[in-house]
Structures are given as structure tokens and as C-alpha cells.
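Each chain, letter by letter, is given below.
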There are 2 protein chains.
Amino acid sequence: MLNEVIFYTLEKAIKRYRQFAQAGIDRRGIDITIDQWLVLNVIRDMPDVGQMDIAEQVFKDQASIARIIELLVKKGLLDRTTSLADRRKLDMKLTESGCQLIADVAPAIAQNRMQALSGLDEAVVEQLKCWLEIIFLNCSIHSSESTQQLHDEHA
Amino acid sequence: MLNEVIFYTLEKAIKRYRQFAQAGIDRRGIDITIDQWLVLNVIRDMPDVGQMDIAEQVFKDQASIARIIELLVKKGLLDRTTSLADRRKLDMKLTESGCQLIADVAPAIAQNRMQALSGLDEAVVEQLKCWLEIIFLNCSIHSSESTQQLHDEHA
DNA sequence: AAAATAAATATGATATATCATAATATGCAA
DNA sequence: TTGCATATTATGATATATCATATTTATTTT
């Protein structure tokens, strides 16, 4: 019965993909998690954003990002210095080995994506993205009115 | 750039749905997490399966299931006695309040699903499920041969 | 300028997930 | 029947996520 529910299928697919992708990275002997890699990527592409923004990008909260950054620094993949312009902020920059790691992981990720999507052409993937986006938006309505309605409905 | 990746969209959609669905349950003042509810459901529908099977159904590991069951028992939603037939196993049965809770949650879940899928008709949902299933299968190939190929490719 | 407010990051407490392994019970082989 | 392999659940160690809040710095108000 669970199998009939789309959200179950969704969860199933993404969880399996994550395992699969992580295995692809591990297999190459690279010591990083998908989530750490994601954060590292965001920082590389947008070095000036704060932890809140990163958190939003990768769907975690600020505290989680702080701890992942801590980890990345400990692993020597990231340099962190307090910003001169605004001493609340951090200047972050990938280290050499951080850049190297990103480069090393790239083929694993590409290969993972390829294999995961085999049999689905570009048009299908676009359609899929579009529908998932609709679900996302449907779930993003923070309406307190509809909250009330929901309550009333079963009052 | 992250936005272009299907797996990112996938993760985004499922995470947002989870928040959304949990909020729908919380809002009704029901004290259970989606994952606890899922496990409770599986046990109700298939009372005789072991923790390994439950784990597989909900994509967690056996240890997590053991702890969730522990919780459900503590919350008084589940009765657990060692099985007479096989004393390694547990006989599990929802308590009255466990059944009640499932019943109470049902409308929240239904409402959540409805709203999350609004604008997507049944055919679309079926197609979506089908494609997600393909991704799942693509990621389920535990081939050690292809592992070797992957390595060679970048040797 | 002083006080109040806001912004950015860090951290304690807690919950949950996961790995490895322990503890217990069963079933099979000899 | 005794011993060994297997099956089932529990648990310690560790990692990660999340909430609430603390800490530090910047900005705004008066």
C-alpha cells in the first residue's frame, strides 16, 4: 500500500540515489560526504554568501552549516578568516586540496548522474523537474488562512 | 547551477514535502513524527514482519527501527511482547491509542497529499512514479564489474 | 554617543541515523 | 546432543540535524 504513494516513491528514489552517489565517491577513496561536498561547492561558487544563505541553498539550517564548515576546515579543505569588512562574517576560500577534491569528485558525480538517469532522455528529465517544482511550490504555501481552513474542515 | 540538477530538485521537493506534511500533523496537535507514523503503519498492516523487513520498507536500518519501536512503546502507541513461537522475535500490536492516532492522522495526511499534488492529475502522478522508479532501479545495480569499469575509465 | 535592535556565527541540548558489535535464541550438522 | 552457523533484536559509539539561545559585531534610534 505504501508503494502506491507518490511521496514514498520519491523518498525511495532520492535515498537510493544518495547511497549510490556516496558509494561512487567512497569507491574512489575520496573522504567526503555528499552534503559536505555540496556545501563546499556552494562556497566555491558563491564565496561571499553567509551561512544562512548556504543553509537555504542546501535545505539545512544555519547550525548544520556552521558544523559542516567546521568539519571542512578541520579536514583542510577550506580556509576561514573573519572578514575585515564585517567582523561578524567569515571570509571563506577553498584550499588547494579543497579545489583538488572538487576536481577529483567531479567525474564520480558525472558518472553517477549518467547512470542514474540512463533511459531517461533530456525532455523527460525536464518534465520531471517541472513536476517536482510544482510539488515544491504546492508545499511552500505558508498560508495561515488555509491553516485555519484545515482546522475548520475537521472541527 | 545547482538548480539545473534533477537530483537537487528531487531533494528539494521531498524535503519541502516532509516539512509541510509534518507541519500539517503538528498543527493538529498530534505528537508523532512522519517516520514514527510510517513505522506504526507498517506494523499495523503487517504485524508479523521483523525489524529488518520494516527497515527495508521505510529505507532505514534495523537499529533505527529498534529505536523507533522503543519510542512508540514508550509513547504507549505500541505493545511489544516476545513471541512465544520464536523467542527472538517480538509480537507487536498497536494499542488503542495507537489505532486512534493513526485514525487521527489520516485526514492530515490525505489533506497534505491533496494539496501537495494539486495541479497534477492522476496520469501525471503515474508517469512521475514510473520515472522515479527507473531512477531507483538505475541506482540499484550493485554490479562490481561496472565498479571496475568506472575505475578503469579514469585510470 | 548611548541604548536598543538586528545580523552573523557558535554552541549546548536533544533527537535521530548509522555502523559495528553484543546478546540471545533458533536450527542444522556431525 | 553438542557445537557451529544463522537469525533477531539491543546497544555503545559516533555522526549529523535541529531547536533554542549565546556571543560578538554592526546598524538604527533617540
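Source: prediction; values computed, not measured.

Draft legend 1. A look at the pattern of salt bridges. If you walk through the whole model with that rule in mind, you get 20 salt bridges over all chains. Between D45 of chain A and R44 of chain A there is a salt bridge whose closest N-O contact spans 3.4 Å. Here D45 of chain A falls in the partly exposed class, since its relative accessible area comes to 33%. Beyond isolated ion pairs, a larger network of salt bridges with shared partners links E11 and K15 of chain A together with R18, D35 and K60 of chain B.

Draft legend 2. Region of the structure containing the protein's contact with DNA strand D. In the vicinity of DNA strand D lie 23 residues, with R67 and R88 of chain A together with Q51, R67 and R88 of chain B positioned nearest. At the protein interface, 56% of the atoms of DNA strand D within 4 Å belong to sugar or phosphate. R67 of chain A is positioned such that a nitrogen or oxygen atom in its side chain is 2.4 Å from a base oxygen of DNA strand D. Within the backbone of R87 of chain A, an N or O atom sits 3.1 Å from a phosphate oxygen of DNA strand D.

Draft legend 3. Inspection of the nonpolar core at higher detail. Counting 94 residues, the largest nonpolar core has I32 of chain A together with I32 of chain B as its most contacted members. Non-local contacts of I32 of chain B, meaning those with residues more than four positions away in its chain, are made with Q22, I25, W37, L40, L72, K75, L77, L101 and V105 of chain B.

Draft legend 4. Structural detail: the interface of chain A and chain B. Chain A puts 57 residues into the contact, and the matching count from chain B is 57 residues. Of the roughly 6,100 Å² buried where chain A meets chain B, counting both sides, 69% is carbon and sulfur surface. Counting only elements with at least two residues in the side of chain A that touches chain B, the list comes to α1 (6-27), α2 (34-45), α3 (51-58), α5 (96-116), α6 (122-138) and α7 (144-153) of chain A. Considering only residue class, the side of chain A that touches chain B consists of 30 nonpolar, 13 polar and 14 charged.

Draft legend 5. Expanded view of unusual backbone geometry. All names here are of chain A. Even without being glycine, F59 reaches a positive phi, approximately 60°. With respect to the helices and strands, the residue F59 is situated in the loop between α3 and α4 (62-74). Given the relative accessible area of 22%, F59 is considered partly exposed.

Draft legend 6. Inspection of the packing of aromatic side chains at higher detail. For the structure shown, the criterion picks out five aromatic pairs over all chains. Here Y8 of chain A and F59 of chain B contribute two aromatic rings whose centre-to-centre distance is 5.5 Å and whose plane-to-plane angle is 40°, an arrangement assigned as tilted. Here Y8 of chain A is found in helix α1, whereas its partner F59 of chain B is found in the loop between α3 (51-58) and α4 (62-74) on a different chain. Accessibility expressed as a relative area gives 11% for Y8 of chain A, which makes it buried. Judged by centre distance (3.7 Å) and plane angle (5°), the rings of Y17 of chain A and F7 of chain B are stacked. Of this pair, Y17 of chain A sits in helix α1 while F7 of chain B sits in helix α1 (residues 6-27), each in a different chain. By relative accessible area, Y17 of chain A is classed as buried at 8%.

Conventions we followed
- Residues numbered from 1 in each chain as written.
- Chains lettered and ligands numbered in written order.
- Predicted model: local features only at pLDDT ≥ 70, side-chain atom pairs only at ≥ 80, totals over all residues.
- Heavy atoms only, no water.
- Salt bridge = Lys/Arg side-chain N within 4 Å of Asp/Glu carboxyl O.
- Buried < 20%, exposed > 50% of the residue type's maximum accessible area, 1.4 Å probe, protein only.
- Near = heavy atom within 4 Å.
- Polar contact = N/O pair within 3.5 Å; in protein donor to acceptor, adjacent residues only side chain to side chain.
- Core = buried A, V, L, I, M, F, W, Y, C linked by side-chain atoms within 4.5 Å.
- Contact = heavy atoms within 4.5 Å.
- Buried area = accessible area lost by both parts, 1.4 Å probe.
- Helix = DSSP H or I, 4+ residues; strand = E, 2+ residues; numbered from the N terminus.
- Nonpolar A, V, L, I, M, F, W, Y, C, P; charged D, E, K, R; others polar.
- Phe/Tyr/Trp six-rings, centres within 6.5 Å; stacked < 30°, edge-to-face > 60°.

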